[in-house]
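Topology and contacts: notes
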Amino acid sequence: MSEFWLISAPGDKENLQALERLNTVTSKSNLSYNTKFAIPDFKVGTLDSLVGLSDELGKLDTFAESLIKRMAQSVVEVMEDAKGKVQENLLANGGLKEKMKCLKIDLTSFVTHFEWDMAKYPAKQPLPSVVDTLAKQLAQIETDLKGRTAAYSTLKATLDSLNQKAKANLFTRTLSDIVNKDDFVLDSEYLVTLLVIVPTQNYIQWQKTYESLSDMVVPRSTKLIFEDKEGGLFTVTLFRKVIDDFKARAKENKFMVREFYYDEKEITREREEMTRLLSAKKQQYGPLLRWLKVNFSEAFIAWVHIKALRVFVESVLRNSGEGTNKLDKPAGFQSVLWVRTVGQIACLPHALPTLWPPGLG
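So, a few notes on the structure that sits alongside this text. These figures come from a predicted structure and were not determined experimentally. (Residues numbered from 1 in each chain as written. Predicted model: local features only at pLDDT ≥ 70, side-chain atom pairs only at ≥ 80, totals over all residues. Heavy atoms only, no water.)

1. Let's talk about the sheet that holds strand β6 (residues 223-227)
In a beta sheet, neighbouring strands are held together by backbone hydrogen bonds and run either parallel or antiparallel to one another. Which entries qualify depends on this criterion: Two strands make a pair as long as DSSP finds a minimum of two bridges between them. Strands here are runs of E lasting at least two residues and helices are runs of H or I lasting at least four, both read from the DSSP assignment and numbered beginning at the N terminus. Lines fitted to the C-alpha atoms define the axes, with helices restricted to the stretch that makes contact. Angles between their N-to-C directions range from 0 to 180 degrees.
The four strands lie next to each other as β6-β7-β5-β8, forming an open sheet whose pairing is antiparallel. Sheet topology places β6 and β8 (256-258) at the edges, where each strand pairs with a single neighbour. Neighbour to neighbour, the strand axes of the sheet diverge by 40° on average, direction disregarded. Direction of pairing for strand β5 (residues 191-199) relative to β8: antiparallel, over a ladder of three bridges. Among the inter-strand pairings, V196 is bridged to a residue of β8, identified as V257.

2. Overview of a nonpolar patch on the surface
The following threshold applies: Note on patches: the residues involved have over 30% relative accessible area and no salt bridge, like charges join within 9 Å, and the nonpolar side chains Val, Leu, Ile, Met, Phe, Trp and Tyr join within 5 Å. For every accessible area listed, the method is Shrake-Rupley and the probe measures 1.4 Å; residues are considered covered only by the protein chains on display. Here a salt bridge means any side-chain nitrogen of Lys or Arg lying within 4 Å of a carboxyl oxygen belonging to Asp or Glu. Relative accessibility under 20% of the residue-type maximum defines a buried residue, over 50% an exposed one, and the middle range a partly exposed one, all with a 1.4 Å probe and only protein chains included.
A surface patch of nonpolar side chains, amounting to about 290 Å² of accessible area, comprises Y190, M216 and F239. Along the chain, the position of Y190 falls in the loop between α4 (127-167) and β5. Relative accessible area serves as the criterion here: at 53%, Y190 is assigned to the exposed category.

3. Focus: the side chain of T237
Rules: We call two N or O atoms a polar contact when they sit within 3.5 Å, provided that within protein one can donate a hydrogen and the other can accept it, with sequence-adjacent residues counted only if both atoms are side-chain atoms.
With respect to the helices, strands and loops of the structure, T237 is situated in strand β7 (residues 231-239). Of the residues examined, T237 reaches a relative accessible area of 8% and is grouped as buried. A distance of 3.1 Å separates polar atoms of two side chains, one belonging to T237 and the other to T193.

4. Quick notes on the pattern of salt bridges
Summed over all chains, the structure comprises 17 salt bridges. We note a salt bridge from E142 to R70, for which the minimum N-O separation is 3.1 Å. Here R70 lies in helix α2 (residues 47-78) and E142 lies in helix α4, a separation of 72 residues in the sequence. Of the charged contacts, one joins E298 and K120 as a salt bridge, the two residues approaching to 2.3 Å between their closest N and O atoms. Residue E298 is found in helix α7 (residues 264-318), and its partner K120 is found in the loop between α3 (107-112) and α4; the two are separated by 178 residues along the sequence. For E298, a relative accessible area of 18% gives the class buried. The network of salt bridges with common partners includes E80, K156, D160 and K281.

5. As for the pairing of β5
Among the nine residues in β5, eight count as buried, and that is most of the element. Note: β5 against β7, nine bridges, orientation antiparallel. Bridge pairing links I197 to L233 in β7.

6. Re the environment of Q164
Position of Q164 among the secondary structure elements: in helix α4. Classification of Q164 by relative accessible area gives exposed; the value is 53%. On a C-alpha basis, the gap between Q164 and T174 in space is 9.1 Å, while along the polypeptide they are ten residues apart.

7. Description of the packing of α4 against α7
For clarity, the cut-off: Angles below 35 degrees are treated as roughly parallel, those above 145 as roughly antiparallel, those between 65 and 115 as roughly perpendicular, and all remaining angles as oblique. Here is the rule for handedness: rotate from the far helix to the near one, and if that takes an anticlockwise turn smaller than a right angle the crossing is left-handed, while a clockwise turn gives right-handed. Residues were grouped as follows: Ala, Val, Leu, Ile, Met, Phe, Trp, Tyr, Cys and Pro as nonpolar; Asp, Glu, Lys and Arg as charged; and all remaining residues, including Gly, as polar.
It is at 9 Å that the axes of α4 and α7 come closest, and there the two elements cross at 155°. Taken together, the axes of α4 and α7 are roughly antiparallel relative to one another. The handedness of the crossing between α4 and α7 comes out as left-handed. For the contact of α4 with α7, the class distribution of residues is 26 nonpolar, six polar and four charged.

8. Some words on the nonpolar core
Short version of the rule: As used here, the term nonpolar core means buried Ala, Val, Leu, Ile, Met, Phe, Trp, Tyr and Cys residues forming a set that is joined through side-chain atoms within 4.5 Å. Here a residue-residue contact requires only that any non-hydrogen atoms of the pair lie within 4.5 Å.
Counting 56 residues, the largest nonpolar core has M71, F110, F300 and L309 as the members making the most contacts within it. Breaking this core down by element, the ones donating at least two residues are α2, α3, α4, α7 and β9 (333-341). With 19 residues, the single largest contributor to this core is α7. Excluding residues within four positions of it along the chain, L309 makes contact with F42, L57, W116, L127, V130, V131 and L134. With 18 residues, the next largest nonpolar core counts W206, V236, F246 and A250 among its residues.

9. Some remarks on the pairing of β6
Bridge count between β6 and β7: four bridges; the pairing is antiparallel. The residue of β7 that forms the bridge with K223 is T235. Between the antiparallel neighbours β6 and β7 lie three residues.

So, to be careful, I would describe these as geometric facts and stop short of saying anything about function.
Listed below in structure tokens is the structure:
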């Protein structure tokens with residue numbers, strides 16, 4: 001796992017010296033991979049405006065990171081049956097070279113080959129306008145994300161609930177997917193069919209005793225219609241007037257009567273609801289995943305631009321002279337990207353004092 005540090009270092013007029021000095025130090029111990037991180041020159045206003053912009057960028061940076069994490073998690077949740085392919089859907093659109101703008105590249109390549117998008121965020125505009133464009137873009141993505149994922153999440157939660165009921169034990173699971181009209185005696189004034197849960201180890205006992213658990217049980221009327229790892233669901237037909245007596249005797253023998261009334265209209269409704277929900281989920285899956293892929297890329301790209309702006313603004317503020325509210329662009333400063341594994345990144349800050357002693361630049 002890699003970690004990225006974006007720094008602004010004192011450099012020469014050609015902005016090459018800082019990178020060369022970093023490479024010299026870090027290459028000895030293979031501490032990091034360093035690359036130039038090009039940031040355009042923006043219109044710099046007053047110190048007061050830039051201080052306020054610095055605070056705003058800090059908040060926007062945090063918001064963008066949170067949004068990206070939420071979008072990535074949404075991709076994981078949507079791709080529940082293909083989580084191994086999540087990474088290939090979290091990409092950035094182009095950014096390496098002009099001719100490659102239409103390509104999708106991995107996030108590391110985008111960051112290490114970053115180019116400021118002049119079309120989206122013109123550097124000629126005042127800095128507050130650029131920041132405002134980024135803020136509005138991310139806010140719109142968040143609004144759309146909430147709306148799109150809420151609808152899908154509600155649908156998924158309903159389906160999950162129904163699936164859980166179908167996977168529950170025989171005492172609580174839905175029966176609409178396992179019972180049929182032919183399993184029951186219906187529309188009879190005298191007869192009724194009950195469903196009885198029988199533990200697996202008591203199958204033989206049930207077959208031998210069910211007819212004698214009460215008077216007026218129809219002989220040979222039992223049938224196993226479903227079973228799980230704990231037991232089976234049997235039908236039995238008897239006269240209505242002995243229902244209570246049969247239930248009591250069955251319970252004494254560890255047979256539990258499952259309360260159930262066969263309603264063909266209700267069962268059909270449940271089956272059609274499941275089919276409708278599965279179809280709706282399938283229809284939403286593709287468009288939602290495509291939207292997440294496109295807008296994750298947009299949000300990530302915006303986030304990297306925010307990082308670039310923070311480096312620029314902080315460089316100007318730290319390079320400003322005292323006693324003046326008018327600021328100059330940070331000439332002689334080079335933005336550099338450090339890339340290294342998390343385990344070794346802690347060593348990098350210790351190299352800075354040797355490269356740029358306090359007060360330099």
